[in-house]
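Residues per chain, in single letters:
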Amino acid sequence: YRASIGYRASIGYGASIGDGASIGYGASIGYGASIGNGASIGYRASIGYRASIGYRASIGYGASIGNGASIGDGASIGYRASIGDGASIGDGAKYDANDWMMVAGPQGSRNAWATAIYSHTTGVLRWWVGCQYGLTTAELRVSIERDHGTSEHGDDYRALVDFVESHPGLRRAREAACIAGVAS
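Please read these numbers as outputs of a predicted model, since none were measured by experiment.

J.: Can you walk me through the pairing of strand β20 (residues 132-136) in this structure?
T.: Taken residue by residue, a regular strand's side chains alternate between the two faces of the sheet. For strand β19 (residues 125-129) and β20, the ladder comprises four bridges, and the chain directions are antiparallel. Its bridge partner being in β20, R126 is matched across the sheet by T136. Counting the residues that bridge the hairpin from β19 to β20 gives two residues, and of these G130 lies at a positive phi of roughly 55°.

This is the structure we're talking about:
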């Protein structure tokens, strides 16, 4: 394997490090954790026990990934961001320390976790649901009607979207982005 392990990094018993992965200086990889091929773990980042980091995922400087959390292929977790125990972040998702996030599930016909992330840098709420990645709320609503109509899954998805859109934390994140001049 051609992984790179930084000085003072610690790798827990039973952890697996994929080919081409890079573990930064002082990073900590928990017992039984799995780091995918080509993944990058930043300086002093912490990966919890039995956490799973996907293929070519990127975990930023000082970020913390909780025990049993799952970070999808190609996902990016930013500088000093914190992901809780058991959380599931979808393939290709991007999350920064100042972003707002909601994870719910299992959801839909695939019984998968749904992730909604409001980016403080773009002022956009995006969704990772089942096999669909990075959808805006409008795109997700179209997809729900097309794929699920008036079924129970459609009802569940509509309720989730309404809940997230009305959440006070999202309102505060949007207000902060407006004050910073990011969103209108």
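J.: Looking at this structure, how should I read unusual backbone geometry?
T.: Phi is mostly negative for residues that are not glycine, and the peptide bonds are mostly trans. Residue G105 is joined to P106 through a cis peptide bond whose omega torsion reads 0°. By the secondary structure assignment, P106 is in strand β17 (residues 100-107). Phi at R50 is positive, roughly 60°, even though this residue is not glycine. For R50, the position within the fold is in the loop between β8 (46-47) and β9 (52-53). In this model, N111 sits at a positive phi of 55°, which is unusual for a non-glycine residue. Mapped onto the elements, N111 comes out in the loop between β17 and β18 (112-118). By relative accessible area, which is 55% here, N111 ends up exposed.

J.: What am I meant to see in helix α1 (residues 137-148) here?
T.: Since one α-helical turn is 3.6 residues long, residues separated by three or four positions face the same way. Its 12 residues place the ends of α1 16 Å apart at the C-alpha level, agreeing with the 16 Å of an ideal helix rising 1.5 Å per residue. Considered for burial, the residues of α1 that qualify are T137, L140, S143, I144 and H148. Buried residues of α1 fall within an arc of 115° about the axis and therefore sit on the same side. Residues of α1 that are exposed and point over 90 degrees away from its buried face: A138, V142 and R146. Here the buried face of α1 lies against β19, β20 and α2 (152-165). Once α1 finishes, G149 follows within two positions and takes phi at roughly 50°, a positive value.

J.: Honestly, the packing of α1 against α2 in this entry has me stumped. Any pointers?
T.: The angle between the axes and the distance between the axes are what describe a pair of packed helices. Two numbers describe how α1 lies on α2: the axes approach to 9 Å, and their chain directions differ by 165°. Classed by the angle they form, the pair α1 and α2 counts as roughly antiparallel. As for how α1 packs across α2, the hand of that crossing is left-handed. In contact with T137, L140, R141, I144, E145 and H148 of α1, α2 contributes H153, G154, Y157, R158, V161, D162 and E165. Residue composition of the contact of α1 with α2, grouped by class: four nonpolar, four polar and five charged.

J.: Can you walk me through the sheet that holds strand β11 (residues 64-65) in this structure?
T.: Picture the strands of a sheet paired through backbone hydrogen bonds; they go either parallel or antiparallel. Sheet architecture is open: five strands sit in the order β2-β5-β8-β11-β14, paired in parallel fashion. Either end of the sheet is taken by a strand with one partner, and the two such strands are β2 (10-11) and β14 (82-83).

Procedures and definitions
Residues numbered from 1 in each chain as written. Predicted model: local features only at pLDDT ≥ 70, side-chain atom pairs only at ≥ 80, totals over all residues. Heavy atoms only, no water. Pairing = 2+ DSSP bridges. Helix = DSSP H or I, 4+ residues; strand = E, 2+ residues; numbered from the N terminus. Buried < 20%, exposed > 50% of the residue type's maximum accessible area, 1.4 Å probe, protein only. Expected span 1.5 Å × (residues − 1). Arc of directions from axis to C-beta. Contact = heavy atoms within 4.5 Å. Axes fitted to C-alpha atoms, helices over the stretch in contact; angles between N-to-C directions. Parallel < 35°, antiparallel > 145°, perpendicular 65-115°, else oblique. Left-handed = near helix turned anticlockwise from the far one by under 90°. Nonpolar A, V, L, I, M, F, W, Y, C, P; charged D, E, K, R; others polar.

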